[in-house]
Amino acid sequence: MVFREGVREAEPGRKENNGTQDMTQSVQQETGWHVRNFEALASANGVTPLRDIRQGAFERFREMGFPTLKHEDWKYTNVAPLSRRSFVRASGGATITLEDLDGLLPPVSGPRLIFVNGAFSGELSSADTVDGLTVSPLSSVLDGGGDGADRDAVEKHLSKYANLDEKAFVALNTAFLEDAAFVRVARNVSVEESVHIVFVTTDADLPADEGLAVHPRVLVVAESGSELTVIESHIGLGGGLRFSNPVSEVVVMENARVDHFKVQLETDETYHVGSIHVEQARDSRYTSNSFMFGGLLIRNDIDPVLDGEGCESNLNGLFVLGDSQHCDTHTIIDHAKPHCNSNELYKGILAGKSRGVFSGRIIVRKDAQKTNAFQSNKNLLLSGDASVDSKPQLEIYADDVKCSHGATVGQIDTKALFYLRTRGIDEVSARTMLVRAFAIEILDPVRNRELATFLEDLLIRSLEKTR
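Conventions and cut-offs
- Residues numbered from 1 in each chain as written.
- Predicted model: local features only at pLDDT ≥ 70, side-chain atom pairs only at ≥ 80, totals over all residues.
- Heavy atoms only, no water.
- Helix = DSSP H or I, 4+ residues; strand = E, 2+ residues; numbered from the N terminus.
- Buried < 20%, exposed > 50% of the residue type's maximum accessible area, 1.4 Å probe, protein only.
- Salt bridge = Lys/Arg side-chain N within 4 Å of Asp/Glu carboxyl O.
- Pairing = 2+ DSSP bridges.
- Contact = heavy atoms within 4.5 Å.
- Axes fitted to C-alpha atoms, helices over the stretch in contact; angles between N-to-C directions.
- 1 Å grid on protein atoms, 1.4 Å probe; cavity = no way out; pocket = protein on both sides within 12 Å on 5 of 7 lines; lining within 4 Å.
- Points joined across faces, edges and corners; volume = space filled by probe spheres on them.
- Expected span 1.5 Å × (residues − 1).
- Left-handed = near helix turned anticlockwise from the far one by under 90°.
- Core = buried A, V, L, I, M, F, W, Y, C linked by side-chain atoms within 4.5 Å.
- pLDDT = per-residue confidence, 0-100.
- Polar contact = N/O pair within 3.5 Å; in protein donor to acceptor, adjacent residues only side chain to side chain.
- Phe/Tyr/Trp six-rings, centres within 6.5 Å; stacked < 30°, edge-to-face > 60°.

### Details of unusual backbone geometry
At Asn117, a residue that is not glycine, the phi angle is positive and equals roughly 50°. Relative to the helices and strands, Asn117 resides in the loop between β3 (112-116) and β4 (119-120). Overall, the relative accessible area of 2% leaves Asn117 in the buried class. Of note in this structure, Asn255 is not a glycine but carries a positive phi near 60°. With respect to the secondary-structure elements, Asn255 resides in the loop between β12 (247-252) and β13 (257-265).

Following this line, the structure appears as C-alpha cells:
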C-alpha cells in the first residue's frame, strides 16, 4: 500500500539514475572512504580480541557494497550520497560538558554511559552501582574488567544476532567495532532505575569536504526472570556532515522483560542508519519505543525474533519531519514459536517536502500456531509536498492465527481546527493541539512519567519545524 502526495526534486532518500548509482558503488567499493578508514583502524589497533570479527565483517561489506535502489528493502531510500561523500572515522578527542547536553538528556536516575565521537567518556558517565547489574564499556570487559559472567555473555552474544551476512550497514558497523555499551542484568534481578546509553557527535577538526563517521554499538543481555529499562540516545551538537551507523543487540532470556527506548536528536546534516536486533526466549517480553526527531536521512530497522513460546513483542515508533527530511522504518517480527503475541504501532508527522517510508513485515512460521500479531501505521501530512510510502506485510505459514495490518494517511481535520478557533484559540496553537493528540498514543504507554514528560517536550519542540 503506497500513499503519495506532491512532487519534488531529487534529494537524499529519493530515487536517481540507477546506472549512475551502480557505477559509483562499484568504484567506491574498492577505493571509498570506508576502505581508507578500515586500513587506518587496522594499522592503529594491531592485534585485538575483535580483530577477526572486524576483518570478516569488512570483507563481507566489500562483497555487498552499499545497497542501491535495486534492493527491494531500499527501493524508497537512496543512500548513494554515503558512497559519494567522504567520511573520517571518529576516534574521540572531543571535549564537551554535561551543560552542553542540557535539555537533551531525560531527567531519570540510574547508571549512564556517554560516548563522544565514538570514544567512551568516563568523566561524563555515571557508574551507579546496582547489585546484579553491569553497565560498562565493552573495552573494559575485554581488557579483563567485570566478572566471568560478563566475559561469557560477551563471547556468547556479541555479533550473534545482528545479521551482517545480509545487511550491509550491520557489516560496516561490525567492521569498525572498537568499543560498545555493554549491559547485563543477572538472573531474577529487577532494576527499577533506567540505564541510559548516550552517543554524542560534536564538532571535529575536519576539512570542509569531509564528514564524521561513527559506528555506535550496544549489547544488552537480560538473563532469566530479570527486568530492565534501557534508554538509548543519539545526540548531535554543532554542525557539519555526519554519518551515524548504530547497531544494537538485545537478548531477552526466559521470563525476562526489557523496555527499550531509542531517542534520535541528531543534526540536520546527519545520515542515521540504525538497526536493532532482538532475540527472545520463552515467556519473555520486549518493548521498543523509537522517537526520531532529527537527521537529514534516517533509516531505522527493528528485527525481533520470538524464539520461545509465550513471547510478547511490542514495537512503537514516532517520527516528526520537516523541510526535506527522510525517515525510513523497516521492521521484521519473526514469530518462530507458537503462542506468541506482537503489537506494532508507528506514526509519522510530516511537513515541508519531507518523506516517510514504513515497511512492516510479520512472519508467522509453520509451527507458530496460536499467534496473535497486529500491525498499524498511521501518518499525518501537514503539507501538500510531503509524502509517505507505506507497505505493511503478512507472511503466514500457520493456520491457527489472528493477524491484521493496516495503514492510514490523512491531514488535520479542518472541522476540528475550526472548532478550536471558534473557542478563541489561535491557529498555530490549535494545530499543535491536534498534532499532539495524534502523537500522544505513542507516549501514553510509557510507564516512567519523567521520561514521558521529557519525550512530550521533545515532541512539542520538534513540531516547531513543521510550522
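### With respect to the pattern of salt bridges
This structure, assessed with the given rule, holds 25 salt bridges. The closest approach of N and O atoms between Asp150 and Arg184, which form a salt bridge, is 2.6 Å. Taken as a pair, Asp150 in helix α6 (residues 148-157) and Arg184 in strand β6 (residues 181-185) lie far apart in primary sequence, 34 residues in all. For Asp150, a relative accessible area of 2% puts it in the buried group. As a salt-bridge pair, Arg361 and Glu395 come within 2.8 Å of each other at their nearest N and O atoms. Of this pair, Arg361 sits in strand β20 (residues 355-364) while Glu395 is found in strand β22 (residues 387-396), placing the two residues 34 residues apart along the sequence. Residue Arg361 is classed as partly exposed on the basis of its relative accessible area of 26%. A residue is classified by how much of its surface remains accessible, and Glu395, at 22% relative accessible area, is partly exposed.

### Overview of the sheet that holds β13
One open sheet holds the ten strands; their spatial order is β4-β3-β7-β10-β13-β15-β17-β19-β21-β23, and the pairing between them is mixed. Sheet topology places β4 and β23 (401-410) at the edges, where each strand pairs with a single neighbour. As defined by bridge partners, strand β10 (residues 227-236) adjoins β13 across nine bridges and the pair is classed as parallel. Paired with Ile235 across the strands is Leu265, a residue of β13. Those strands touched by helix α9 (residues 427-443) are β15 (285-292), β17 (312-321), β19 (341-350) and β21 (371-381), and its axis lies near 155° from that of β19. Sheet strands in contact with helix α10 (residues 449-462) are β10, β13, β15, β17 and β19, and its direction is about 25° off that of β13.

### Quick look at empty space enclosed by the protein
Summed over the entire model, instances satisfying the criterion amount to one cavity of 30 Å³ or more. By volume, the largest cavity amounts to about 40 Å³. Lining of the largest cavity is provided by Ser290, Met292, Asn300, Gly317, Leu318, Phe319, Cys327, Thr329 and Tyr346. Per-element tally for the lining of the largest cavity: the top contributor is β17, with three residues.

### Remarks on α10
For α10, which comprises 14 residues, the first-to-last C-alpha distance of 20 Å matches the rise-based estimate of 20 Å (1.5 Å per residue) to within 8%. On its buried face, α10 sits against β10, β13, β15, β17, β19 and α9.

### Some words on the packing of α9 against α10
Axis separation between α9 and α10 bottoms out at 11 Å; the angle between their running directions is 145°. In terms of crossing hand, the pair formed by α9 and α10 is right-handed. Residues Thr432, Arg436, Ala439, Ile440 and Leu443 of α9 touch α10, and the partners they reach there are Arg449, Ala452, Leu455, Glu456, Leu459 and Ile460.

### Observations concerning the nonpolar core
Within the largest apolar cluster, 43 residues are counted, with the highest numbers of intra-cluster contacts made by Val200, Ile349, Leu455 and Leu459. Among the elements that make up this core, the one with the highest residue count is α9 (seven residues). When sequence neighbours within four positions are dropped, the list of residues in contact with Leu455 reads Phe261, Val263, Phe291, Phe293, Leu443 and Val446. Counting residues in each nonpolar core, the second largest holds 32 residues, with Leu133, Ala222, Leu228 and Val258 among its members.

### Overview of the confidence of the model for the chain
With 93% of its residues at a pLDDT of 70 or more, the chain has an overall mean of 91. Per-residue pLDDT stays below 50 along residues 1-11; that stretch engages in 39 contacts with residues further than four places along the chain or on separate chains.

### Here we look at the side chain of Asn245
In this fold, Asn245 is placed in the loop between β11 (242-244) and β12. Reaching out from Asn245, the side chain makes a polar contact with the side chain of His215 at a distance of 3.2 Å. Not counting residues up to four positions away in its chain, the partners in contact with Asn245 are Phe169, Leu172, Asn173, Val214, His215, Pro216 and Val273.

### Topic: the packing of aromatic side chains
Going through the model one piece at a time under the given rule, you end up with 14 aromatic pairs. Taking 5.1 Å as the distance between ring centres and 85° as the angle between the ring planes, the aromatic pair formed by Phe61 and Phe66 counts as edge-to-face. Exposure remark for Phe61: the relative accessible area of 1% places this residue in the buried category. A relative accessible area of 4% places Phe66 in the buried class.

### Observations regarding the layout of surface pockets
Considering only enclosed or pocket space, the largest pocket measures out at about 860 Å³ in volume. Considering the residues around the largest pocket, the lining is formed by 44 residues, among which Asp73, Lys167, Asp301, Asp303 and Ile332 are closest to the centre. No other element matches the six residues that strand β14 (residues 270-280) contributes to the lining of the largest pocket.

### A closer look at the environment of Cys403
Mapped onto the elements of the fold, Cys403 is located in strand β23. When the C-alpha atoms of Cys403 and Gly424 are compared, they prove to be 44 Å apart, with 21 residues separating the residues in sequence. Setting aside residues up to four positions removed in sequence, Cys403 forms contacts with Val364, Thr371, Ala373, Leu394 and Ile396.

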